[in-house]
Amino acid sequence: MEPQSQNLKTAPFLTLGRFHISEDYGFLLPNPLMPLLNCQFLTGYREWRLARLVLSFITMGYVWQDGETQPKEILPRNLALPFVEVSRNLGLPPILVHSDLVLANWATRNPGGPLEIRNLDTIISFPGGESLRGFILVTVLVEKAAVPGIKALVQAVNAILQSSPDSLLQALQRLRVSIQDITGALGQMHDYVDPDIFYAVIRIFLSGWKDNPALPAGLVYEGVSKEPLSYSGGSAAQSTILHAFDEFLGVRHSKESADFLHRMRDYMPPSHRAFLEEICVAPSLRTHIMSSGNSQLLTAYNQCVESLAALRTYHLALVTKYLITAASRAKAQRTSHLPRPPQALEERGTGGTAVVSFLKSVRDKTLETLLHPSG
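Residues numbered from 1 in each chain as written. Predicted model: local features only at pLDDT ≥ 70, side-chain atom pairs only at ≥ 80, totals over all residues. Heavy atoms only, no water.

Going by what an unreviewed UniProt entry lists, the protein chain is known as Indoleamine 2,3-dioxygenase 2 and is assigned to Bos indicus. Here is the UniProt Catalytic activity (unreviewed entry) comment for the protein chain, exactly as written: "L-tryptophan + O2 = N-formyl-L-kynurenine". Of the comments in the UniProt record for the protein chain, the one headed Sequence similarities (unreviewed entry) reads "Belongs to the indoleamine 2,3-dioxygenase family." (UniProt positions renumbered as here; feature names shortened; annotations may be inferred.)

### With respect to the overall build of the protein chain
The helix and strand inventory of the protein chain stands at 15 helices and four strands. Its C-alpha atoms put the protein chain at 110 × 55 × 40 Å along the principal axes. In the protein chain, 76% of the contacts between residues at least 6 apart in sequence involve partners at least 24 apart. Here the protein chain has roughly 19500 Å² of accessible surface; of this, 55% comes from carbon and sulfur atoms. Looking at the protein chain, you have 34 positive and 33 negative side-chain charges, and the mean spots of the two groups are 3 Å apart. (Helix = DSSP H or I, 4+ residues; strand = E, 2+ residues; numbered from the N terminus. Contact = heavy atoms within 4.5 Å. Areas by Shrake-Rupley, 256 points an atom, 1.4 Å probe, with all protein chains shown as cover. Lys, Arg positive; Asp, Glu negative; His and termini not counted. Charge placed at Lys NZ, Arg CZ, Asp CG, Glu CD.)

### Side note on the UniProt feature "binding site: heme b" (unreviewed entry) in the protein chain
Taking the numbering used here, the UniProt-annotated feature "binding site: heme b" (unreviewed entry) corresponds to H315. Relative to the helices and strands, H315 resides in helix α14 (residues 295-331). Setting aside residues no more than four positions away along its own chain, H315 makes contact with L186, A236 and L359.

### A short note on the side chain of R363
Positionally, R363 belongs in helix α15 (residues 355-367). Residues contacting R363, with those up to four places away along its chain left out, are A309, R312, T313 and L316.

### Here we look at the state of the cysteines
Enumeration according to the criterion identifies zero disulfides in this entry. C280 carries a free sulfur, and the closest cysteine sulfur to it, the one in C304, is 19 Å from it. The class for C280 is partly exposed, based on a relative accessible area of 47%. (Disulfide = S-S within 2.5 Å. Buried < 20%, exposed > 50% of the residue type's maximum accessible area, 1.4 Å probe, protein only.)

Spelled out as structure tokens, the structure:
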């Protein structure tokens, strides 16, 4: 009996608090509504980007949860305030953008494995299942395919500054291969994304509240502004890749297209915008090649331009399949197993553009950039 009495003496008194049991509410969690999210605990750029990823997905899900006919017109302060604070810290607008959806939304299943779609996963998702996963991760692979091209661009700029034609020629050849690899990576959309699911299910969650008849006035960010604010939805034009290639190759777009593309730069991380500005003030590649009289450089330059135009033609074919043809199928009610697709942005991009005419214009202007041998 003695050991038992010793145990009784050392055992702590039984209290409810030790087990997170309330004296007043028992097993109920008292006042379960959490306090406002506090950004002061975020440390470092990567944590701010991850916080923005989460908040941007929650925002899009909240606004469009009941479809385009009943969008939420007010973002509650407990979401609006932290989202706006994180966005201001990162220099981005408070809406889901390409740098959230794609650039910060991927992870490897096996960290030591290859960067292939079977070894990748998204961090956060919307409705859309495997098609959404495919749409995001194929775009991740497009960004990865652009890496040699971005590095080649840097090599080329430095080669012009150092008057090194051999290095410049090598850089242009690497850029061409990278652009062709981007086109190849983009082709995986056909394998992993169902056009009807993209059109009827996924698209609305990428839509914004600027140039969108479903939310013509914009969205009120409670506690931030009493007036509605308008921001464009996610768009491939928010990727820095083609902006960088256009600036480097000297592609000049029509005023309407150029205005839209420059507006999309406001939806890029500031450091990526700064990279574009650096390319913009670098010595002109076109001028350098024309004044050099080097036929090899001219040929390599034109091959880059032709590859970029071919990429834009391929992108146009994809948009036709996933937007125009899918819209026709939805109208014919051949997709009755899916939700009624959004009508407000019918045949328009989620960024709000008349997407087919825009893509044709930027492709045609790219071809106009080709150089012709003098004499």
